[in-house]
Amino acid sequence: MKKIKNNIILIGFMGAGKTTIGKLLAKYLHRKFIDTDNLIEKFAGKSVSRIFNEDGEKKFRSLEKKMISKIVQKDNLVIAVGGGAVTKPKNLSKLKKNGTLVYLYAIAKEILKRIYNKHHRPLMEIAISKKEKLIRIKDLLAIRKTYYEKADYTLNTSNLNTYQVAKKIIKLLKLS
Ligand code: S3P
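On a predicted model such as this, the values are computed, not experimentally measured, just so you know. (Residues numbered from 1 in each chain as written. Predicted model: local features only at pLDDT ≥ 70, side-chain atom pairs only at ≥ 80, totals over all residues. Heavy atoms only, no water.)

Asker: Run through the pattern of salt bridges, naming residues and quoting values.
Answerer: Evaluated as defined, the whole model comprises 10 salt bridges. Between E54 and K46 there is a salt bridge whose closest N-O contact spans 2.9 Å. Across the pair R61 and E64 runs a salt bridge whose closest N-O atoms are separated by 2.8 Å. With R61 and E64 both in helix α4 (residues 57-71) and three residues apart, this pair spans about one turn of that helix. What makes R61 buried here is its relative accessible area of 11%. What makes E64 buried here is its relative accessible area of 0%. Salt bridges linked by common partners bring K46, R50, E54 and D55 together as one network. (Salt bridge = Lys/Arg side-chain N within 4 Å of Asp/Glu carboxyl O. Helix = DSSP H or I, 4+ residues; strand = E, 2+ residues; numbered from the N terminus. Buried < 20%, exposed > 50% of the residue type's maximum accessible area, 1.4 Å probe, protein only.)

Asker: I'd like to hear about the packing of aromatic side chains, residue by residue, with values.
Answerer: Evaluated as defined, the whole model comprises four aromatic pairs. Centre to centre, the rings of F52 and F60 are 4.9 Å apart; their planes meet at 40°, and the pair counts as tilted. Judged by relative accessible area, F52 falls into the buried class, the value being 13%. Here the basic side chain of K130 rests over the ring of Y116, its NZ or CZ set 4.9 Å away from the ring centre. Its end group placed over the ring of Y28, K167 keeps NZ or CZ at 4.6 Å from the ring centre. (Phe/Tyr/Trp six-rings, centres within 6.5 Å; stacked < 30°, edge-to-face > 60°. Lys NZ or Arg CZ within 6 Å of the ring centre and 35° of its normal.)

Worth remembering: the numbers are spatial, not functional.
Here is the structure:
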């Protein structure tokens, strides 16, 4: 697909490292970093968890759609989108048109390790035990796989640190 804009867009499941890697990548490339969850929080004046709890997921997805429409108009950014953003075909096609999509992949067990003790992800608060969380991650990953795999590149981050992943993206996109 011919790209209109030069944005680098990181997609993938919660805990894939989109925000951490995105910030590092932006620093290396001297670009601005934007995180859609962060934009949504600023716009709504409350955290993603509070939006989910007080207004519901539907409201969150509508804000997410709005922010995506806004950021794709910009160019030369490093963008991280929330894990569920590309499961909406309209978001996915807008992002694909306006940048290079990199899917940061990690196996379910690794994701669990990364997000287990973090409490700002409403979709993961549903399951209580560690075992239940792993099942939930596997189920969601299976549903989302086809969307994530629409990315231009897939990068397995399972055994890499953030520094290595950022370097790999630079190499992959021939930016060095
Ligand atoms: C979500 C992922 C979160 C955030 C929201 C919903 C999802 O972002 O957008 O909690 O549906 O996977 P991260 O992927 O940055 O954790």
